[in-house]
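The residues making up each chain are set out below.
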Amino acid sequence: MGKRYFIGIDSGTQSTRVIIFDEQGKQICKGVGKHPPLIHDQLNWAEHGEYDAWYGLCDATRSALDQFTGDKKEIAAIGLSSQRGTVMAVDRAGSPLQRPISWMDARLALEMPPMPENCDPWYKFCRFYSKANWCKLHRPEAFEAAYKWLTIGGYLAYRLCGVYKDTISNQTGAWPVDRENWCLEKEDWPYECVGIRRDQMAEMVFPGELLGKVTRDGAKLTGFPEGCPVYASMGDKQCETLGAGVIHPGQSYITLGTSVQLSLVGDKMLSSPDRNFLTYLCYQPKIYQYEASLVKGYWLVSWFREQLAKDLEGGAKAIDANVEALLDMEAQKIPAGSAGLITVPDWQGPRNRANAKGVILGFDERHGRAHMFRSMIEGISMALRVTTDVMCKEMGTSVTSLRVGGGGSRSQVAMQSTADIFNIPTVRAHTSETCSLGAAICAAVGSGAYPSFQEAVDRMVGDNITDIFQPIPENHALYQGLMDKVYRKIYPMMSPVFDDLLALTKDHR
């Protein structure tokens, strides 16, 4: 038997990655297609351009295949993963009827009528969160013309394969999904609640099941081999967890990406009445992922780079590095705690603190850009620790081991501060591209290269460990004091101020 390669697609918020792996999970080549910045027409709105995700995929695929020196006939299968919670409506020709509404978007359909008291509390929230309901109220022409409501992954599957199929494991937010039985809801009322007809849903398949094969048009525009099978995977965060080798109940994983999550894997469908954590379907039935999260996590690093570190671009190119790496080197020279500079990373507050704003507290003459950058990294980890504590208390469990991946895991400051703040030995995943690897694992299982996810993970992830960061006791003591005596107090004290600030400036751009 000749060589076999598997492609993992990671269609995220800021970019699309297309990575080719061999059967052992070794990265052969990578292409990246950058997406234009999100469009913010109004406060709390966030939308992609109609074709940004598709153009990003085309650019990333052509880049990856230009570097590929093997035979395209040896590409056995493609796995498709995408950002979660970003939705769009298309007409009968498959054309977008409106810009895809990002998972980062915070608009709500507040005018929806109340639901009966005895219905599922999850759907009481979903009727407000549903972007279909919002379109029904505010873009009725798009709502009436909608043939299908799709995730980004469902739209890319249509463009690649000409089918309306999607993975059941990427149906988050206001979708009528029975998460106990891993299927679409059978009763009518959940569809009525979220404003989507049953016939407007894509056909749902499990991770590792066939979405379709690349069509002639799909091959022409992307460069993928015509007829190559495309397999479903999961949402990007579940794929990252799989690609990090975290697949058994009790294991945990942190992803440091545009959003930041700590995920626990379990075998029970659990829900939080106050949405202190969210539960997602995972790689196979009856395996779940529970997440504590920050909406804008390492998005802050991109924001900081663009707003406050553009002058480093020349220096970064001179040493064949990126601006983030230079910022990280600067931040490593700053002591833990950033000399008393504290950042609350609420550049977009969670839904239970929608009035929250970002705060940087404690400036004095000691502080410069490196202190600010380190403080942001530390603030993200402290926010995640606080959120995780709430989740674990509600679930009656604890985090005993940590594996970290995502782009932020390349940062030494991020890795060490995470170990110190959680006071747990912290392992850096062997690749920061765990989402694409997770999608490739789904393709390998779907194509029959491996008979199970366990064997695929054993072969394609293994026990690869690049670094272990041990918590430093004096750093942990400092961070714990900052969290207990400062960080946890900031929002309760500032909440009335945030209300006044929003009222005075809500219409300002």
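Everything numeric here is computed off the predicted structure, so don't read it as measured data. (Residues numbered from 1 in each chain as written. Predicted model: local features only at pLDDT ≥ 70, side-chain atom pairs only at ≥ 80, totals over all residues. Heavy atoms only, no water.)

**Some details on the layout of surface pockets**
Point 1. If you add up the space inside the second largest pocket, you get close to 410 Å³.
Point 2. Residue lining of the second largest pocket: 19 residues in total, with Asp 120, Trp 122, Arg 179, Met 269 and Ser 271 positioned closest to the centre.
Point 3. The set of elements that each furnish at least two residues to the lining of the second largest pocket consists of α2 (121–129), β8 (177–178) and β15 (278–281).
Point 4. Looking at which element gives the most residues to the lining of the second largest pocket, the answer is α2, with 4 residues.
Point 5. Its residues assigned to classes, the lining of the second largest pocket comprises 10 nonpolar, 3 polar and 6 charged. (1 Å grid on protein atoms, 1.4 Å probe; cavity = no way out; pocket = protein on both sides within 12 Å on 5 of 7 lines; lining within 4 Å. Points joined across faces, edges and corners; volume = space filled by probe spheres on them. Helix = DSSP H or I, 4+ residues; strand = E, 2+ residues; numbered from the N terminus. Nonpolar A, V, L, I, M, F, W, Y, C, P; charged D, E, K, R; others polar.)

**Section: the environment of Ile 287**
Point 1. Along the polypeptide, Ile 287 turns up in the loop between β15 and β16 (288–294).
Point 2. Between the alpha carbons of Ile 287 and Met 269 there is a distance of 8.3 Å; along the sequence they are 18 residues apart.
Point 3. When sequence neighbours within four positions are dropped, the list of residues in contact with Ile 287 reads Trp 182, Ile 247, Val 265, Gly 266, Tyr 280, Leu 281 and Cys 282. (Contact = heavy atoms within 4.5 Å.)

**Describing the sheet that holds strand β3 (residues 27–34)**
Point 1. Reading across from one edge, β3-β2-β1-β4-β12-β11 is the order of the 6 strands in this open sheet, with mixed pairing throughout. With partners counted over all chains shown, the strands left at the sheet margins are β3 and β11 (210–213), one partner each. Recorded for the sheet is a direction-independent mean angle of 20° between the axes of neighbouring strands.
Point 2. In the sheet, strand β4 (residues 75–82) pairs with strand β12 (residues 229–235) via 4 bridges, with the strands oriented parallel. Along β12, the bridge assignment pairs Ile 78 with Val 230. (Pairing = 2+ DSSP bridges. Axes fitted to C-alpha atoms, helices over the stretch in contact; angles between N-to-C directions.)

**A look at the pattern of salt bridges**
Point 1. If you walk through the whole model with that rule in mind, you get 29 salt bridges.
Point 2. Its salt-bridge partner being Arg 366, residue Asp 364 comes within 2.7 Å of it at the nearest N-O pair.
Point 3. You can call Asp 364 partly exposed: its relative accessible area is 28%.
Point 4. Here the residues in one salt-bridge network are Asp 41, Glu 47, Arg 99, Asp 105, Arg 107, Lys 131 and Arg 139, joined through shared partners. (Salt bridge = Lys/Arg side-chain N within 4 Å of Asp/Glu carboxyl O. Buried < 20%, exposed > 50% of the residue type's maximum accessible area, 1.4 Å probe, protein only.)

**Examining helix α13 (residues 412–422)**
Point 1. Burial within α13 is extensive, with 9 of its 11 residues counted as buried.
Point 2. By the burial criterion, the buried members of α13 are Val 413, Ala 414, Met 415, Ser 417, Thr 418, Ala 419, Asp 420, Ile 421 and Phe 422.
Point 3. The N-cap of α13, judged by a side-chain oxygen 3.3 Å from the amide nitrogen of Val 413 a few residues on, is Ser 411.
Point 4. Immediately downstream of α13, the backbone of Asn 423 shows phi near 60°, a positive value. (Polar contact = N/O pair within 3.5 Å; in protein donor to acceptor, adjacent residues only side chain to side chain.)

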